Amino acid sequence: MQNKGIIKVFAILFALVCIYQLSFTFIAGNIEGDAEEFAQQEVPESVDGYITARERAEQRYLDSIGNEEVFLGITYNSAKEKELNKGLDLKGGINVILQISVKDILRELANNSKDPAFNQALLRADEAQKTSQENYLDLFFEAFEEIPDARLASPDIFANRNLSDEINFEMTNEEVKPIIRRKIDESIVSAFEVLRKRIDKFGVTQPNIQRLGSSGRILVELPGAKEIQRVQDLLQSTAQLEFWHVYKSNEFQNFFVQANNLLKQIEVEETAETAEADVDTAQAGQDEIDALLESASDTAQVAEQNNPLFDLMASPGFQGGPVLATFNIADTAKVRQYLNMPQVRNLLEGEQRYTKFVWGITDEDDAVAALYALKGNRQNEPPLSGSVITDATQAYDQVGRVAVTMQMNGKGAKTWEEMTGYAFENQSQIAIVLDNVVYSAPGVSTGPISGGRSEITGDFSITEGQDLANVLRAGKLPASADIVQSEIVGPSLGQEAIDSGIMSFAIALILVLLWMIFYYGKAGIFADIALVVNILFIFGVLAGLGAVLTLPGIAGIVLTIGMSVDANVLIFERIREEYAKGKVQKDAIRDGFSNALSSILDANITTGLTALILLVLGTGPIKGFATTLLIGIATSLFTAIFITRLFIDNYAKNPNKSLEFSTGVTKNLFSGLSIKFLQKRKTFYVVSGIFLLVSLGSLFTQGLNQGVDFVGGRSYTVRFDKAVNPTELEDELVTEFGSASAKTFGAANQIKITTKYKVEEEGSEVDEEITQKLFAAVQSYLPEGTTYEDFTVGGEGEREIGIMQSIKVGPSIADDIKQASIWAVLGSLLVIFLYILLRFRKYQFSLGAVVAVIHDVLIVLGVFSLTYKFMPFNMEIDQAFIAAILTVVGYSLNDTVVIFDRIREFFNEHPSWTKKDAINAAINSTVSRTINTSLTTLVVLLAIFIFGGESIRGFMFALIVGVIVGTYSSIFIATPITYDTFNKETKKRKLKQKETVE
C-alpha cells in the first residue's frame, strides 16, 4: 500500500478530531449527571411534586455553573451547544409540520375581496385539495380559469390599491400568476422567519426548523420541549395585535335593555307557536285540549317573566368604564349568539352599527369573562395594528404586575399619539386586542403619548408575558398556521429508547467482535479494531456535522456494524483464495486486497444510492437513519480498505511472521464447493412463484395495516398501571369516537390507540377535544384520582402512566407521504438498474438484479400482510417501513453485486468455460462470504429486534425478513434470471447466424 505514512497521520488526526467533537457530549453529560445528583440531595422524595421540584433544582444548578470553565476553556454552555444532538424519540419533545394557509394569503392580497369568481375559485380549491396532491395555489388558478370571463387583474381582486405597482387592469391571467406566486412565496418566507424568531426566543436547545418545498409547509422540531400546549399555542398564534377605541358601558345601557326585551318577545312568540302546534297536532278530547291551552298560557307567562340577556349577566359594567358587563364563561357562546342575531344588531344606530363585541382575556381560574364593545368602522379595520411594533419586552408596571413594553415605528407613533390624544380628551379607553381577545383597555391620564413607546398590562403570568413579547417582537404570521402533522414524545419514553438503544448496540457489537475472532483468528482481531475505529468515526462525524441521532439512527449505526464487516469479509475471503492457489503470504495479501476492491466499491455504492434516496425523500427519523447509514458506509470503506491493511501489511513485509485468515474450526469450511446451483433454478422459480402468489393474494384480500402516516389520523401510545385487555378498551373507544382501534404495544400495560375521528379538522381546539374524549374513554382503566393533566403527554417530569407518545397526520400530508414513499422505491429501482447497467455493461445483470429486488419487496410486503393481525408487535406500514424496504433493496443488491462481480471476473478469466460452469463456480466461490455477512447482519438485527425497544421492532422484523429473502434471491433468483437472459440472447444470435448462412 502506497503512502502508508500519510494514511496513518490522517487516521490519527481524524480520530483525535472525532474524540474532540465527542468530548463536548461527554462533558455536558457529566455536568448534567452532577446536577441530577445535586437535585436528588436537595429535594427528597417526601416533598410534594418532587419530580418538578428536582427539575427546577437541576436547572438552577446548571444556570449557576453554565459559564464556569470545566476543561481547557470549555464551559457547560459551550459544551451543550456542540454536544451530539439527540432526536425527538431519544429526548422527548415535539415535532410538528405547520401548514401556512395559502388561502388566507390570497384573501389578504385581494383585500378580502367579495368578488363572486374569486370566492368561488377558493371554494373549489378547498374541495379539490382534499383529494389532490397539487399545492393550493395551483388548484386555485385551475379553478379560477374554469370560470368564464374571470380576470385576476380585476380591480375587485388583485388589481387593487395595494398591488397597483405590480398589477394593472390590462394584464392577462398568465401575466398575473407569476406575481401572485412570488407574493405567496414571500409570505411563506416571512412566516418561516417569524416562526424561527419565536423558536429562538423560546429557549429550547438544538431546535430544528425547515421549510418543506414550496407547499407552504414548515417543519419544526423541538427536542426536550416539555410545555407542549405552550409550544403549540406559540407556533399557531397569528399574533393579530390591534388597537381599538372602545365604547363606555353607559353608552350601551339602553341597547342592553332593548336587546333583552326583544329576546324576551322572541321567546314568548316561539313558545306560543310551539303550544299552538301541539294543540293542532294533538289527537285528543276537549278536556285534553283545554289542558294543553292552559299549559301553554302558563309557559308564556313564565317566558314573559324571563330576561334572556340579563339572566346570563354575572354583573354590569362600572359607569364610564370599558367593560359592558361580565358573563359566566359557560354562557359566552350563548351571549355571542344573541348579540349576533340580525334583529338584535338592527337595534344599533349610527356609528354603533359597526360595533365589534369582543371578550376579555381569561385564565383557568376565572369564572366570568368581560364583554367589550369596540368602535368599528365600515372597513372593519382597526385604527392601528401590531405591524408598527419594532420591539417588545416583558416588564412590570408600577404596582408590580406583569406587563409588556413595546416600541412603535414612526408611522405607528404618529397614529398612537392621535389615538391617545382622542382618548385623553374624551376620557375614554383604548382596547389592546390580540387575536380577537382584549388583553387590557387602559385609559389615558397624562395626555397624548408621543414617541411610540407604550405598555400592555393585563392579568397574565410571567410566562404569558414573555410569550406575548416574543410573538410581538417576532411579528405576526402572514396567515393562519395549522398543525397538519405532529409527533409528541414524553421524556420517559425517550429515556427508555436510549437505554434499549445502548443495550442493543452493545450486544450487537460484542457478538460481531466475537464472531470475527472465532472465524478469522488474529486477522479477525484486526478487523475488530477497524470496526471500533469505524464506530468512533461515525459518532465523531455525527457530532461534528450537528446531525441528529434518532432511534432509527442508532439502528442505522448498528446495521452498519453488521454491514461494514462485509468489506473485511470480502478481503479476507479473497486472501484465503489466493493462499489456496499456492501464493506466498505477501502476494496473497496484495492480490486479495486488489481483487476485493471492485466488489467492495460496487456493493457499498448500491447501498449508498438507496440511503441517498432516503435522505432526499425522507423526513424526521428516516432522514436520521439515512444520514447514519451514509456516514457508516463511507467510514467503513475507509477503515476496511486502509485501517485493516495497516495491520495486515506488517505481515506482508515480514515473511517470517505468519498470519492465518482462519482458525482450526473454520480453515477448510466452504472450501472446494461445487454445488450445481443453476441446474436447480426451475425448482427455485417454482418456490418463489408460490411465495409471490401467496403474497399477492394476501395483499389483494387482506391488504396491509397502514399506519396514520399513510391514511391520516391520530395515534396515541398510552401506558396504564396494570395489564389492559385491548378488545374491551376498543369497545369503549368506539363508543366515544365511532371508529377506533386498540392494540397491545410492547408490554401488556401499554396500548397503541388509533382513530380517524375528525381527521380532516385542524386546530388546537380539535386536538384538545379529542384528547379529552380519549381521557374520558380510558379513565376507568387508570388509577383512581388520575387527572387530565396527569394523563396528557408533555407534562413536567417523567411519568409512569398516561399518554407517552402521540402522532397526528392530516389526510393531505398522509397522501403526500404515501406518494413520496412510492416514488422513493421506484426511484431507487431505476437508479440501481442504471448503475448496474453502467458498471457491468450488460442489461442482463441489471434485469436480474431488479427482478430479484422486486421479488424481495413483494415477499416482505406479503409477510407483513399475512402476519400483522396476530404478531405481538406493531406491524404498521409507515415511513419507517419504507426505510426498511429501501434498506432491504440496498442489502439485496449488495449481495447480488458481489456475486455478479465474481461472475464477470470468471467470464474474463475463463473464456473457454460455458456460462453455466462459470456462474456456478462464481456462486460457489462467494458462499463463504455470503453466509458470513448474512449471519453477522442477522445477529445484529436480532439483537436490535430483541433488545432495541418496541417502537422499532416492526422496522427490524422487516429488515430480518428482507436479509433472509435478499440472500436467497441473490443466489437463486438474480443469478438464474441473468443466466437465462444470456442463454436466450445466445440462442437468438445463433439462430440469426444460421439464417444468414442459409
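To be clear, the structure that these remarks concern was listed above.
1. Describing the environment of Phe 661
Point 1. Relative to the helices and strands, Phe 661 is located in the loop between α20 (621-653) and α21 (681-701).
Point 2. When its relative accessible area of 1% is taken as the criterion, Phe 661 is described as buried.
Point 3. On a C-alpha basis, the gap between Phe 661 and Glu 573 in space is 8.1 Å, while along the polypeptide they are 88 residues apart.
Point 4. With residues up to four places along the chain from it excluded, the contact list for Phe 661 reads Tyr 519, Tyr 520, Ala 523, Phe 572, Ile 575, Arg 576, Tyr 579, Ile 589 and Ile 648.

2. A few points about the sheet that holds strand β21 (residues 740-744)
Point 1. Strand order in this open sheet of 8 strands is β5-β6-β4-β18-β23-β20-β22-β21, and the pairing throughout is antiparallel. The strands lining the two open edges of the sheet, one partner per strand, are β5 (208-212) and β21. Here the strands of the sheet are splayed against their neighbours by 20 degrees on average, with no regard to which way each runs.
Point 2. In this structure, strand β4 (residues 93-100) lies alongside strand β18 (residues 481-489), joined through 8 bridges in antiparallel fashion. Within the sheet, the bridge partner assigned to Gln 99 lies in β18 and is Asp 482.
Point 3. Most of the contacts of helix α23 (residues 726-737) go to β21, to which it runs at about 160 degrees, and overall it touches β21 and β22 (750-755).

3. Details of the packing of helix α6 (residues 116-129) against helix α7 (residues 136-145)
Point 1. Between α6 and α7, whose axes approach to 8 Å, the crossing angle comes to 130 degrees. Judged by the inter-axis angle, α6 sits oblique to α7. Crossing angle aside, the handedness with which α6 passes α7 is right-handed. Contact residues: α6 offers Ala 117, Phe 118, Ala 121, Leu 122, Arg 124, Ala 125, Asp 126, Ala 128 and Gln 129, while α7 offers Tyr 136, Leu 139, Phe 140, Ala 143 and Phe 144.
Point 2. Residue composition of the contact of α6 with α7, grouped by class: 11 nonpolar, 1 polar and 2 charged.

4. Some words on helix α14 (residues 410-426)
Point 1. With 17 residues, α14 extends 25 Å between its outermost C-alpha atoms, agreeing within 8% with the 24 Å of an ideal straight helix rising 1.5 Å per residue.
Point 2. Of all the positions in α14, only Gly 412, Ala 413, Trp 416, Met 419, Thr 420, Gly 421 and Ala 423 are classed as buried.
Point 3. Where α14 is buried, its residues touch β7 (241-245), β12 (384-385), β14 (402-408), β15 (430-434) and β17 (453-457).
Point 4. Positive phi shows up at Gln 427, right after α14, with a value of about 50 degrees.

5. So, the packing of aromatic side chains
Point 1. Evaluation of the coordinates by the stated rule reveals 37 aromatic pairs.
Point 2. Between the aromatic rings of Tyr 20 and Phe 24, the centroid separation amounts to 5.0 Å while the plane-to-plane angle is 75 degrees, which identifies the pairing as edge-to-face. Placement of the pair is Tyr 20 and Phe 24 together in helix α1 (residues 4-42), with a separation of 4 residues, close to one helical turn.
Point 3. Judged by its relative accessible area of 44%, Tyr 20 is partly exposed.
Point 4. Arranged with centres 5.9 Å apart and planes meeting at 40 degrees, the rings of Phe 140 and Phe 144 form a pair that is tilted. Taken together, the residues Phe 140 and Phe 144, both in helix α7 and 4 residues apart, mark about one turn of the helix. No difference in accessibility class separates Phe 140 from Phe 144, as the two residues are buried.
Point 5. Pairwise contacts between aromatic rings join Trp 515, Phe 518, Tyr 519, Tyr 520, Phe 572, Tyr 579 and Phe 661 into one cluster.
Point 6. The side chain of Arg 645 reaches across the aromatic face of Phe 593, ending 4.7 Å from its centre.

Scoring rules and cut-offs
- Residues numbered from 1 in each chain as written.
- Predicted model: local features only at pLDDT ≥ 70, side-chain atom pairs only at ≥ 80, totals over all residues.
- Heavy atoms only, no water.
- Helix = DSSP H or I, 4+ residues; strand = E, 2+ residues; numbered from the N terminus.
- Buried < 20%, exposed > 50% of the residue type's maximum accessible area, 1.4 Å probe, protein only.
- Contact = heavy atoms within 4.5 Å.
- Pairing = 2+ DSSP bridges.
- Axes fitted to C-alpha atoms, helices over the stretch in contact; angles between N-to-C directions.
- Parallel < 35°, antiparallel > 145°, perpendicular 65-115°, else oblique.
- Left-handed = near helix turned anticlockwise from the far one by under 90°.
- Nonpolar A, V, L, I, M, F, W, Y, C, P; charged D, E, K, R; others polar.
- Expected span 1.5 Å × (residues − 1).
- Phe/Tyr/Trp six-rings, centres within 6.5 Å; stacked < 30°, edge-to-face > 60°.
- Lys NZ or Arg CZ within 6 Å of the ring centre and 35° of its normal.

Note that every value here comes from positions in space, so none of it alone points to a role or purpose.
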